[in-house]
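# Descriptive structure summary
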Amino acid sequence: MRAVVFERYGETAEVREVADPEPAEHGVVVRVEATGLCRSDWHGWQGHDPDIALPHVPGHELAGVVEAVGDRVTGWRPGDRVTVPFICACGTCPSCAAGDHQVCERQTQPGFTHWGSFAQYVALDHADVNLVALPGELSFATAASLGCRFATAYRAVVQQGRVAAGESVAVHGCGGVGLSAVMIAAASGARVVAVDVSARALELARTFGAAQCLDATSVPDTAAAVRDLTGGGAHLSLDALGSPGTCAASVNGLRRRGRHVQVGLLASPDGTTPVPMARAIALELELLGSHGMAAHRYPPMLELVRSGVLRPDLLVTSTIGLQEVPSALAAMGTAPGAGATVIEPWS
Ligand SMILES: [Zn+2]
Ligand SMILES: [Zn+2]
């Protein structure tokens, strides 16, 4: 098969022929019909992820057709149209037994712990636990965007954030996760304040349902501006970017007993980030993390996508072939686009 391979971190990847993957006895091989390019792929290529072993094939947001199944797989057969969360759970550890597959103790991640989906085929572990059947109406390109950014935003807003109609929701950072969060919160009946430093990102946020857009470069204190716009603070606020500044602004922009959800990955050299805990105590704030979404929790989200209430397809702004991936991957470092790029490995 053809795949995007890199031998060294940060060195231009190349498209070449490699051996087709074989399914594990509990796994499947999926023919990749569409796969999303995400900033996490760029982080992996830069060497920021300790799970990656070289040489490596990136790619973790995907949709396709089951090609081969392992002997112990009971729920899937060749020809099934599927997608998968980027966190593949083991199905048997205590967290999985409690239904919390998104924090599985023995998780695998295609494109990180093993070769991913910037290839014509990808192997996925524990298929009976992790695969999600795609409704017939859903295109592969749309489905590919669900696995990482959209499902992550859905869990952050709906499941961890417990959004309710009529609430004020602030979304700090309007990249892929942030724009998805804006759309999901607005569709839930919340009044959304979108915050970013890019006019283009804010313009998209408005089309995705933000009631108010705040350019963080235009105000001296982002949190104070959010409190003004929301009549005393947001009920729910997300840091969808992941920086000390957006994390603090999100917490400080909450009203009493508000909920902060940290969904943007925080890269700091020592793994810690300052959080305004004095405010968390005084106002009885809830501070929550959100990490992907378990396969068994996809159905309500898929139903909203199928019925057209949620439109992840609007996030897809370009489609490329494998040949264009090495340069597109490199460009993620300097110019992460406002929309999502989908790769079609067979085009
Ligand atoms: Zn991703
Ligand atoms: Zn597990």
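Here, residues in each chain are numbered from 1, in the same order as that chain's written sequence. Note on labels: chains are lettered from A, ligands numbered from 1, in written order. With the structure being a predicted model, the display of local features is reserved for residues of pLDDT at least 70 and the display and counting of side-chain atom pairs for 80 or more, all residues being used for whole-chain, interface and lining totals. Water and hydrogen atoms play no part in the side-chain values, which are based on all heavy atoms of the structure.

## A look at the overall build of the chain
Runs of H or I in DSSP of at least four residues are treated as helices and runs of E of at least two as strands, each being numbered from the N terminus. Broken down by element type, the chain carries twelve helices and 15 strands. We compute the radius of gyration from the C-alpha atoms alone; for a globule the expected value is 2.2 Å times N to the 0.38, where N is the number of residues. Relative to a compact globule of 347 residues, whose C-alpha radius of gyration would be 20 Å, the chain shows 20 Å and is just as compact. Among the 347 residues that make up the chain, the fraction classed as buried is 54%. Where accessible areas are quoted, they stem from the Shrake-Rupley method and a 1.4 Å probe; at the residue level, only the protein chains shown are allowed to cover. Of the roughly 14,100 Å² of accessible surface on the chain, 52% is carried by carbon and sulfur atoms. Residues scored as positive are Lys and Arg, those scored as negative are Asp and Glu, and His as well as the terminal groups of each chain are ignored. One atom stands in for each charge, and that atom is NZ of Lys, CZ of Arg, CG of Asp or CD of Glu. Each charge class in the chain was averaged separately, 24 positive and 34 negative side chains, and the resulting centres sit 9 Å apart. Each residue is placed in one exposure class: buried if its accessible area under a 1.4 Å probe, protein chains only, is under 20% of its type's maximum, exposed if it is over 50%, and partly exposed if it falls in between.

## Concerning the coordination of the zinc ion (ligand 2)
Distances from the zinc ion (ligand 2) to its protein donors, namely Cys90 (SG), Cys93 (SG), Cys96 (SG) and Cys104 (SG), fall within the range 2.3 to 2.4 Å. Coordinating donors are taken to be N, O and S atoms lying within 2.8 Å of the metal, or within 3.2 Å when the metal is Na, K or Ca; because water is excluded from the atom set, some sites may appear incomplete. The rule is simple: four donors are tetrahedral if all their angles sit between 85 and 135 degrees, four are square planar and six octahedral if opposite donors span more than 155 degrees and the others lie between 65 and 115, and anything that fits none of that is irregular. With four donor atoms in place around the zinc ion (ligand 2) and angles of 102 to 117 degrees between them, the coordination shape is tetrahedral. Coordination of the zinc ion (ligand 2) draws on donor residues from a single chain, spaced C-x2-C-x2-C-x7-C in sequence. Residues Cys90 and Cys93 agree in their burial class; the two are buried.

## Some thoughts on the coordination of the zinc ion (ligand 1)
Taken together, the protein ligands of the zinc ion (ligand 1) are Cys38 (SG), His60 (NE2) and Cys148 (SG), with distances of 2.0 to 2.2 Å. Of note, the zinc ion (ligand 1) draws all its donor residues from one chain, in the sequence arrangement C-x21-H-x87-C. Separated by 110 residues along the polypeptide, Cys38 in the loop between strand S3 (28-37) and helix H1 (39-45) and Cys148 in helix H5 (residues 146-160) bring together distant segments of the chain. Here Cys38 matches Cys148 in class, with each residue buried.

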